[in-house]
2 protein chains.
Amino acid sequence: MDKQDIKEIVENLNYLIEANDEPMIRNIIIGLHPADLAEILHYLNEDNRHYIFSLLDAETASDVIAEMDDVSRDTILDDLDEYRISEIVDEMDSDDATDLVSELPQDIAQKVLDRIDIEDSREVKELMTHEEDTAGGIMAKEFVSVNKNCTVEQVIRKIRSKAEEVEDIYNIWVVDDQNVLAGTVSLKNLILADPKTRISEIMDTDIVSVKTDMDQEEVANIAKRYDLVSIPVVNDNGVLVGRITFDDIADVMDEEASEDIQRMAGIADEEEYRETSILKISQVRLPWLLVGFVGEMISASVLKHFEASLSKIIAAAFFIPIIMAMGGNAGIQSSTIMVRGMATGEIELFEVRRRLLREFLVSFLNGLICGLLLFSVVAVILQQARFGLLLGGVLFIIIMFATFNGAFIPVILKKLNIDPAIATGPFITTSNDVLGLLIYLGLITVFLPYL
Amino acid sequence: MDKQDIKEIVENLNYLIEANDEPMIRNIIIGLHPADLAEILHYLNEDNRHYIFSLLDAETASDVIAEMDDVSRDTILDDLDEYRISEIVDEMDSDDATDLVSELPQDIAQKVLDRIDIEDSREVKELMTHEEDTAGGIMAKEFVSVNKNCTVEQVIRKIRSKAEEVEDIYNIWVVDDQNVLAGTVSLKNLILADPKTRISEIMDTDIVSVKTDMDQEEVANIAKRYDLVSIPVVNDNGVLVGRITFDDIADVMDEEASEDIQRMAGIADEEEYRETSILKISQVRLPWLLVGFVGEMISASVLKHFEASLSKIIAAAFFIPIIMAMGGNAGIQSSTIMVRGMATGEIELFEVRRRLLREFLVSFLNGLICGLLLFSVVAVILQQARFGLLLGGVLFIIIMFATFNGAFIPVILKKLNIDPAIATGPFITTSNDVLGLLIYLGLITVFLPYL
C-alpha cells in the first residue's frame with residue numbers, strides 16, 4: 001500500500017466517522033494490514049484514533065500496537081485501561097509484550113502482569129531483566145526446540161502443537177537433555193527427511209548463536225555476516241533461551257544507522273521522527289549547539305589574541321571562513337568514513353594503522369590541490385603572490401591536520417569504548433575550528449614582516 | 001568467529017604458506033564459513049590470497065566470492081582465467097552470478113556466458129537487463145513456484161526436485177496457468193497440511209509483491225514494513241519472475257544507509273571502506289572540498305565588501321567563527337533529520353508543512369537560548385551591552401535561518417527527484433556560511449553608528 005492509498009483511507013475514515021457510519025468503517029479496516037493500520041492511526045486526530053482503535057479486536061490491536069512508532073503508541077496507551085491492555089498483551093509475542101509493558105507506568109504494568117496468562121507473565125518478567133539494547137533485550141521466547149533424540153515425525157507433531165504460539169518458523173533448534181543448543185534443521189530439510197529419521201542425524205551442528213548480553217549492533221553484524229534468518233540466543237551455560245528473527249535485525253539496523261547519523265549531526269539522544277514535543281526536540285539538539293558555542297568562544301579569544309596582526313592585515317580576516325570551512329569539510333569526510341566503517345565492522349581496530357596512513361596520503365593530495373588553488377587565486381586575481389603562498393600553505397596544513405584529526409579521534413573513542421559517532425559532530429568540527437585558526441593566525445603573525 | 005580468531009588464522013596461514021605445509025593449510029580452510037574465509041583472504045597479501053583461493057573447490061570458491069567486498073574480489077578475478085571463472089559462476093545463485101559477470105571485461109564475460117550451463121546463462125542474461133539498483137537488479141531466479149491446482153504432496157515433490165538449486169526456501173509461491181502470482185504458502189503451513197489438500201485451499205492470497213523496476217530502497221522499505229522474509233518480484237503482467245530474500249534486503253539497507261551518510265558528509269560517490277587507491281578516494285572527496293572552496297571564496301568577497309566596517313570595529317571579526325559554526329550546526333541538525341526521515345519513509349512529503357512548522361519552533365527556541373547566551377557573555381564579560389545585543393540578535397536570526405534552510409532544501413530536492421542526502425553536506429553548509437556572513441556584516445554595518 002503506498003502513501004497515496006494511506007492518505008485516501010485516512011480521508012475516507014475521517015468522513016465516515018463524521019457521518020457515524022460504523023459498519024462501513026469496520027468494512028474498511030478489516031482488510032488492512034496491521035502495519036498500514038498503524039500508519040493510518042498516526043495520521044488521524046486523537047479522538048478519531050482512539051475511536052478506530054476501540055473497534056479492533058484484541059489480536060488485531062496487538063499487531064497494530066507492535067507496528068506503531070513510540071510516539072503514537074504512547075498516546076493510544078494513555079487512554080486504555082488495564083483490562084484492555086492485558087487483553088492486548090495476551091495476544092502479543094513475548095518481545096513485543098515486553099516492550100509494551102516496560103513503557104507502562106509501574107502500577108499499571110504490575111496490574112497487567114497479574115492479569116495476563118501466567119506463562120506469558122513469567123516470560124515477560126524474564127525478558128525485562130535484560131538490557132534493552134542487547135540480544136536478551138530484543139529476543140522473543142517463541143521458538144521451536146526439540147530434543148536431539150526426537151524423530152522427524154515427533155518434530156512435526158511438536159510444530160503442530162506450537163503452530164499457533166509461534167507464528168513464523170524458519171528453523172527447528174535441537175537441544176540436548178540439559179537444553180544446551182546442539183544443532184539446527186531448516187524446515188526445508190525437515191520436509192525432505194524421512195519421518196522415521198532421528199533429528200540428530202539431519203541437524204547442522206555448525207551453528208552460530210549469540211549470548212544474551214551481546215550488544216544488539218554486534219548481533220546484527222553477525223546476522224548479516226552469516227545471512228541468518230533467525231538466531232538462537234543462549235545463556236552463559238549454552239542453554240537455549242530465545243530467538244531473534246531477521247525482522248528484529250532489520251529494526252536494529254535501522255535504529256543503529258539512524259542513531260549514528262543523528263549523533264554525527266550533533267543530536268544527543270535519538271530524535272523520533274514523529275516526535276511532537278518542541279521542548280523534547282530542542283533538548284536533544286541543544287547540547288551540541290552549546291559545545292559549538294563554547295568552542296567558538298575559544299575561537300573568538302584566539303582571534304582577539306591576534307588582534308594586532310588582524311588590524312595590520314585586515315585581508316587575513318577575509319580568509320577565516322575558507323580556513324574554517326575547508327578544515328571542517330575534510331574532517332567530516334574522514335571521520336564519517338571511520339565511524340561508519342567501524343559501526344558496520346568493515347574497518348577493524350587492528351588495521352587502523354593502514355587506514356590512518358591512507359587518510360594521510362589522501363589528505364596530502366587533496367590539501368595540495370586546494371592549497372595550490374588558493375595560492376593561484378590570491379596570486380593571480382589579487383596579485384599578492386607572497387600572501388597567496390602563505391594562504392595556500394596554511395590551507396594545505398589545515399586540510400592535512402583536520403583530515404587526520406577526523407580519522408584519529410573516532411579510533412581513540414572506540415578504544416575507550418565510547419561511541420565514535422558522538423565525536424564526529426561536536427568535537428571534531430569545533431576542535432578543527434579552534435586549532436585551524438591558531439595555526440592560521442600564528443603563521444600569519446610569524447610571516448607578517450615578509451608580506 | 002570474532003576478529004581475534006580471524007587475525008590468528010591469518011597469521012597461521014601466513015606461517016604455513018611460508019613453510020609450504022599444504023595439507024595443514026587445507027585442514028584449516030576446510031572448516032571455515034565462506035564469510036570468514038572471504039575476510040581472511042582480504043587480510044592476506046596478494047600472492048598468498050591467490051594461492052589460498054586456488055585451493056578452494058568451485059562450490060566453496062563461489063560462496064567465498066559472493067561474500068567478498070568489491071575491491072578484494074576484483075584482485076582475485078584479475079588473476080583467474082575464463083575456465084576457472086566459468087566453473088565458479090556455474091555454482092553461484094543467479095543474482096551473485098550476474099553481479100560477477102557484469103564486473104568482468106566484456107570479452108571474458110562473453111566467454112564465460114558461453115561456457116556455463118545454458119539455463120544459467122539465459123538467467124544471467126535476463127537479470128543483466130535490469131538496472132542495478134532496482135528489484136530486478138537484486139532479485140534471483142532461484143525460487144519454488146507451483147501451479148494452484150497442485151496438491152501439497154506434489155508441492156513437496158517439487159521442493160525435493162529443486163532442493164539443490166534453491167538452497168533456502170521460506171515460502172512456496174502459487175501461480176495460475178499464465179504464471180501470474182496468485183498466493184503464497186509458508187513452509188510451516190505446508191508441513192501442517194494434509195498431503196491431499198490442494199495448495200490453492202491453504203494459500204494466503206493477501207500477498208505483497210514488487211515490480212522489477214521498483215527502486216531497491218523502496219523494496220527494502222516494503223520488506224521492513226511488512227516483515228517479509230522473501231519478496232516475490234513480478235513483471236508488468238503480474239508474472240512471477242524472481243525472488244528477493246531478507247539477506248538481500250539487509251545488504252540494501254546497509255548500502256543505502258552508508259550512501260546517505262557518506263553523501264551527507266560530502267563524499268560524492270560511495271567510498272568503499274576497503275578501497276586501496278588513494279587517487280580514487282581523493283576523487284570522491286574532492287568535489288565537496290571544491291564546492292566549499294568556491295562558496296568560501298564568495299564568503300571572502302562578502303567580507304572584503306564590508307572591509308570598512310571590519311576595520312572600524314575589528315572585534316566584529318572575532319565573532320565570525322561563532323556565527324558560521326552555529327549556523328552550520330543548526331543547519332546540519334535539521335537537514336539530517338529531514339534527509340534520514342525521508343529515506344526511511346518516516347517523514348512523508350505530504351506532512352512536510354507540519355515538519356517545517358516544528359523546525360521553525362525548535363529553531364526559535366534554540367536560537368533564543370543561544371542568542372541570549374551570547375548577549376550575556378558579551379555584555380557581562382566584555383562589558384559591551386549594545387554590541388552584545390546586536391551579536392545575540394544576529395545569532396538568533398542566523399540559527400533560525402540556518403535551521404529552516406537545512407530543513408527546506410532537502411524537501412525541494414526530494415520534490416525534484418534529487419537525492420536529498422547530497423544537499424546536506426555541500427550546499428546547506430556553504431550557503432549557510434555565505435548568507436550568515438551577509439546577514440551578520442550587513443547588520444553590523446547598519447548599526448555601526450550606534451555601537
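Cut-offs applied
Residues numbered from 1 in each chain as written. Chains lettered and ligands numbered in written order. Predicted model: local features only at pLDDT ≥ 70, side-chain atom pairs only at ≥ 80, totals over all residues. Helix = DSSP H or I, 4+ residues; strand = E, 2+ residues; numbered from the N terminus. Rg over C-alpha atoms; globule rule 2.2 N^0.38 Å. Buried ≥ 20, exposed ≤ 12 C-beta atoms within 10 Å, placed from the backbone. Contact = placed C-beta atoms within 7 Å. Pairing = 2+ DSSP bridges. Right-handed = clockwise from strand over helix to strand, strands pointing away. Least-squares fit on C-alpha atoms with pLDDT ≥ 70 in both. Domains from an automatic or database assignment. pLDDT = per-residue confidence, 0-100. Nonpolar A, V, L, I, M, F, W, Y, C, P; charged D, E, K, R; others polar. Axes fitted to C-alpha atoms, helices over the stretch in contact; angles between N-to-C directions. Parallel < 35°, antiparallel > 145°, perpendicular 65-115°, else oblique. Left-handed = near helix turned anticlockwise from the far one by under 90°. Core = buried A, V, L, I, M, F, W, Y, C linked by C-beta atoms within 7 Å. Expected span 1.5 Å × (residues − 1).

Description of the overall build of chain A
Helix and strand counts for chain A stand at 23 helices and six strands. Relative to its length of 451 residues, chain A is extended, with a C-alpha radius of gyration of 30 Å against a globular reference of 22 Å. With respect to the three principal axes, the spread of C-alpha positions in chain A is 90 × 65 × 40 Å. The buried share of chain A, taken over its 451 residues, is 44%. In chain A, the share of contacts with a sequence separation of at least 24, taken over all contacts with a separation of at least 6, comes to 68%.

What to know about the pairing of strand E2 (residues 171-175) of chain A
All names here are of chain A. Counting buried positions along E2 yields four of five residues, so the element is predominantly enclosed. Of the pairings in the sheet, the one linking strand E1 (residues 145-147) to E2 comprises three bridges and is parallel in character. Of the residues in E2, the one forming a bridge with Val146 is Val174. Crossover E1 to E2 through helix H12 (residues 152-162) is right-handed. The pairing of E2 with strand E3 (residues 181-186) spans five bridges and is antiparallel. Within E3, the position partnered with Val174 by the bridge is Gly183. In this structure, the hairpin formed by E2 and E3 is closed by a connection of five residues, where Asn179 is found at a positive phi of approximately 65°.

Some words on the relation of the copies chain A and chain B
Each copy superposes on the other: chain A lies on chain B with an RMSD of 0.1 Å after a rotation of 180° and an axial shift of 0.0 Å. Taken together, the rotation and translation relating the two chain copies correspond to the operation of a two-fold axis. Most of the interface of chain A is mirrored in chain B, where 100% of its interface residues are also at the interface.

Topic: the domain arrangement of chain A
Splitting chain A by domain gives domain 1 (3-134), domain 2 (145-245) and domain 3 (278-450). A straight line from the C-alpha centre of domain 1 of chain A to that of domain 3 of chain A covers 49 Å.

Here we look at the pairing of strand E6 (residues 240-245) of chain A
All names here are of chain A. With five of six residues buried, E6 lies mostly within the body of the structure. As paired strands, strand E5 (residues 230-234) and E6 are joined by five bridges and run antiparallel to one another. Within E6, the position partnered with Ser230 by the bridge is Thr245. The turn joining E5 and E6, which pair antiparallel and follow one another in sequence, is formed by five residues; a positive phi near 85° is taken by Gly238.

Details of the confidence of the model for chain A
Across chain A, the average pLDDT comes to 90, with 100% of residues at 70 or higher. When pLDDT is averaged over each element of chain A, E5(A) comes out on top at 97 and helix H6 (residues 70-77) of chain A at the bottom at 84.

Remarks on the interface of chain A and chain B
Contacts between the two partners involve 88 residues from chain A, matched on the other side by 88 residues from chain B. Classifying every residue of the side of chain A that touches chain B by side-chain character gives 54 nonpolar, 14 polar and 20 charged.

As for the sheet that holds E5(A)
To summarise the sheet geometry, strands pair through backbone hydrogen bonds and adopt either a parallel or an antiparallel arrangement. All names here are of chain A. Spatial ordering of the open sheet is given by E4-E5-E6, a layout of three strands whose pairing is mixed. Across the chains shown, the open sheet's two edge strands, defined by having one partner strand only, are strand E4 (210-211) and E6. Judged from the two bridges that link them, E4 and E5 form a sheet pairing that is parallel. Among the inter-strand pairings, Lys211 is bridged to a residue of E5, identified as Val234.

A look at the sheet that holds E1(A)
Residues and elements named next belong to chain A. An order of E1-E2-E3 is seen for the three strands of this open sheet, with the pairing classed as mixed. Only two strands of the sheet have a single neighbouring strand rather than two, namely E1 and E3. Here the strands of the sheet are splayed against their neighbours by 30° on average, with no regard to which way each runs.

With respect to the packing of helix H3 (residues 34-43) of chain B against helix H5 (residues 58-67) of chain B
All names here are of chain B. Where H3 meets H5, the closest approach of the two axes is 8 Å, and the angle between their N-to-C directions is 70°. On the basis of the axis angle, H3 is roughly perpendicular to H5. The hand of the H3/H5 crossing is right-handed. On H5, the residues that touch Pro34, Ala35, Leu37, Ala38 and Leu41 of H3 are Thr60, Asp63, Val64 and Glu67.

What about the nonpolar core?
Proteins that are soluble and globular tend to have nonpolar side chains buried together. Grouped together as the largest cluster of nonpolar side chains are 106 residues, with contacts concentrated most on A:Val219, A:Ile249, B:Val219 and B:Ile249. Not counting chain neighbours up to four residues away, the residues in contact with A:Val219 comprise A:Ala135, A:Val210, A:Met214, A:Ile231, A:Ile244 and A:Val252. Grouped together as the second largest cluster of nonpolar side chains are 76 residues, A:Val302, A:Leu310, A:Ile399 and B:Ala317 included.

Focus: the packing of helix H17 (residues 278-305) of chain A against helix H21 (residues 352-381) of chain B
Between H17(A) and H21(B), whose axes approach to 10 Å, the crossing angle comes to 35°. Where H17(A) crosses over H21(B), the handedness of that crossing is right-handed. Every residue of H21(B) that contacts H17(A) at A:Ile278, A:Ile281, A:Ser282, A:Arg285, A:Leu286, A:Leu289, A:Phe293 and A:Met297 is listed here: B:Arg358, B:Leu361, B:Val362, B:Leu365, B:Asn366, B:Ile369, B:Cys370, B:Leu373 and B:Val377. Of the residues that constitute the contact of H17(A) with H21(B), the class distribution is 13 nonpolar, two polar and two charged.

As for unusual backbone geometry
The backbone of A:Asp227 sits at a positive phi, close to 50°, despite the residue not being glycine. Its location among the elements puts A:Asp227 in the loop between helix H15 (216-225) and E5. For A:Asp227, a count of 18 C-beta atoms within 10 Å gives the class partly exposed. The phi torsion at B:Asn417 lies on the positive side, around 65°, for a residue other than glycine.

Remarks on the environment of A:Ala407
Residue and element names in this part refer to chain A. The residue Ala407 is located in helix H22 (residues 385-415) in this model. Given 26 C-beta atoms within 10 Å, Ala407 falls into the buried group. C-alpha of Ala407 to C-alpha of Ser334: the two residues are 73 residues apart in sequence and 5.2 Å apart in space. Setting aside anything within four residues of it in sequence, one finds Ala407 in contact with Ser334, Ser335, Met338, Arg355, Leu356 and Glu359.

Some points on helix H1 (residues 3-18) of chain B
Between the first and last C-alpha of H1(B) there are 23 Å, a value that for 16 residues agrees with the 22 Å anticipated at 1.5 Å per step. Count one or two residues on from H1(B) and you reach B:Asn20, which has phi positive near 65°.

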